Amino acid sequence: MNTRKRRGLLGLAAVAIAALTAMAGVAAPATAELTTAARPTGPKPTIVLVHGAFADSSGWNLIAPTLEAGGYPVIAFSNPLRGIDYDSQYLRDFLGTIDGPIVLVGHSYGGAVITNAAVDDPDVTSLVYIAAYALDEGESVAAANSLGGGHTEVTDHLVIRPFPGAGEGDADAYIDPAFFPDLFAQDVPKTLARTMAASQRPGAYASLIAPSGPPAWESIPSWYMVATQDRIIPPEAERVMAERAGATTVEVNTSHVPMISKPAAVIALIKQAAK
């Protein structure tokens, strides 16, 4: 794509994001980097954004355009949500198709996936956890929720539905839409939160108890954003996971979805990890 056409598309993307966020009542991220003078030069790592359960890639819609405008190749990866082993292998194979350095960003259960997928991948230079599971070897998502003495109510409000080929005792889990706005996104405008509830993608129930493999954060530098008002992953558990990973840690006063309610803070952390 020639430079003039790319600039035009970036400009249109900025206008579209500003319009969408204005309608949703969410502050749009800063777009000063859209100018040629502000855009850094030289090769940049590819930033791969990995969503978690009860969500999809659209959760990164306020993040990706600004990163792209700053010169970063960005991919919002579509997480299969079929279980840690399957999802991690799927991402690992996907990463093998990308040339050059990679910054892996995981939100929520997406953190468990990047923790496993990045092991022994020399191209992954940084791991970024956004209110995410940075699991240790043998640890499950359910077990991690109790770290630091925290508690989550999300498992009390799940809707379970069958899916073809599910193993014994497995099924798809959704957050009950009636509880989704207050549990998942209490600082997001209600109309947007209800849309997120209606469009959520389910995660395989077995993912809650599946043990994680050796963690990539043992050998790859990591960054962690603690969401202090998180009602899905207890903030106490997030702090424990961040500390044991040796992560560079920031805290934000948000719900479980800081990439939607505080996108500028998430962008800043990703850029820090990408330096």
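Residues numbered from 1 in each chain as written. Predicted model: local features only at pLDDT ≥ 70, side-chain atom pairs only at ≥ 80, totals over all residues. Heavy atoms only, no water.

(A) Region of the structure containing the nonpolar core. Ranked by size, the top nonpolar core spans 77 residues in total, and within it Leu91, Leu104 and Leu127 carry the most contacts. Leave out the neighbours within four places in its chain, and Leu91 touches Val48, Val50, Phe77, Leu104, Val113, Ile114 and Ala117. (Core = buried A, V, L, I, M, F, W, Y, C linked by side-chain atoms within 4.5 Å. Buried < 20%, exposed > 50% of the residue type's maximum accessible area, 1.4 Å probe, protein only. Contact = heavy atoms within 4.5 Å.)

(B) Inspection of the sheet that holds strand E3 (residues 102-108) at higher detail. What the 6 strands build is an open sheet, ordered E2-E1-E3-E4-E8-E9; its pairing is parallel. Of all the strands in the sheet, the pair left with one neighbour each is strand E2 (74-77) and strand E9 (248-252). Put simply, the sheet's adjacent strands are angled 15° from each other on average, direction ignored. Note that E3 and strand E4 (residues 124-132) share 7 bridges and pair parallel. (Pairing = 2+ DSSP bridges. Helix = DSSP H or I, 4+ residues; strand = E, 2+ residues; numbered from the N terminus. Axes fitted to C-alpha atoms, helices over the stretch in contact; angles between N-to-C directions.)

(C) Focus on the pattern of salt bridges. What the rule picks out here adds up to 4 salt bridges. A salt bridge links Arg244 to Glu139, with the nearest nitrogen and oxygen atoms 2.3 Å apart. Linking Arg244 in helix H8 (residues 235-244) with Glu139 in the loop between E4 and helix H5 (141-144), this pair joins segments that are 105 residues apart in sequence. Residue class for Arg244 comes out partly exposed when judged on its relative accessible area of 28%. Judged by its relative accessible area of 12%, Glu139 is buried. With a shortest N-O distance of 2.8 Å, Lys190 and Asp182 are connected by a salt bridge. By relative accessible area, which is 38% here, Lys190 ends up partly exposed. Residue class for Asp182 comes out partly exposed when judged on its relative accessible area of 42%. (Salt bridge = Lys/Arg side-chain N within 4 Å of Asp/Glu carboxyl O.)

(D) View of the environment of Met225. Its place among the elements puts Met225 in strand E8 (residues 222-227). Residues Met225 and Ile270, 45 residues apart in the sequence, show an inter-C-alpha distance of 10.0 Å. Beyond its immediate chain neighbours, meaning those up to four positions away, Met225 contacts Tyr129, Ile130, Ala131, Glu238, Val250, Val252, Pro258, Ala265, Val266 and Leu269.

(E) How the structure looks around the pairing of E2. As paired elements, strand E1 (residues 46-50) and E2 share 4 bridges and run parallel to each other. Paired with Val48 across the strands is Ile75, a residue of E2. With helix H2 (residues 64-69) bridging E1 and the parallel E2, this β-α-β connection has right-handed handedness. (Right-handed = clockwise from strand over helix to strand, strands pointing away.)

(F) Summary view of helix H7 (residues 190-199). Among all positions in H7, only Ala193, Met196 and Ala197 are buried. What you see down the axis of H7 is that its buried residues fit within an arc of 100°, all on one side. For H7, the exposed residues set more than 90 degrees away from the buried face come down to Thr191 and Ala198. In this structure, the buried residues of H7 make contact with helix H6 (180-184) and helix H9 (258-261). (Arc of directions from axis to C-beta.)

(G) Spatial organisation of the sheet that holds strand E7 (residues 203-204). Spatially, the 3 strands line up as an open sheet ordered E5-E6-E7, and their pairing is antiparallel. The sheet is open, and its two edges are formed by strand E5 (158-161) and E7, each paired on a single side. As judged from the 4 bridges shared by E5 and strand E6 (residues 172-175), these two strands associate in the antiparallel manner. Following the sheet pairing, Arg161 is matched in E6 by Asp172.

(H) Spotlight on the environment of Leu127. By the element assignment, Leu127 lies in strand E4. Taking the C-alpha atoms as reference points, Leu127 and Ile102, separated by 25 residues in sequence, lie 9.0 Å from one another. Those residues in contact with Leu127 that lie beyond four places of it in its chain are Leu104, Ile114, Ala118, Ala216, Trp217, Ile220, Pro221, Ser222 and Trp223.

(I) Layout of the packing of aromatic side chains. Counting across every chain of the model gives 5 aromatic pairs. Linked through ring pairs, Phe77, Tyr86, Tyr90 and Phe94 together constitute an aromatic cluster. Across from the ring centre of Tyr72, 4.2 Å away, lies the NZ or CZ of Lys44, which sits over that ring. We note Arg82 situated over the ring of Phe163; from NZ or CZ to the ring centre the distance is 4.6 Å. (Phe/Tyr/Trp six-rings, centres within 6.5 Å; stacked < 30°, edge-to-face > 60°. Lys NZ or Arg CZ within 6 Å of the ring centre and 35° of its normal.)

(J) View of the environment of Tyr109. With respect to the secondary-structure elements, Tyr109 resides in helix H4 (residues 109-117). For Tyr109, a relative accessible area of 6% gives the class buried. Distance in space between the C-alpha atoms of Tyr109 and Leu135 is 9.8 Å, their sequence separation being 26 residues. Beyond its immediate chain neighbours, meaning those up to four positions away, Tyr109 contacts Gly52, Ala53, Asn79, Leu81, Gly83, Ile84, Asp87, Tyr133, Val141 and Ser207. At 3.2 Å, the side chain of Tyr109 and the backbone nitrogen of Ile84 are in polar contact. (Polar contact = N/O pair within 3.5 Å; in protein donor to acceptor, adjacent residues only side chain to side chain.)

As far as function goes, none of this settles anything; it's purely spatial.
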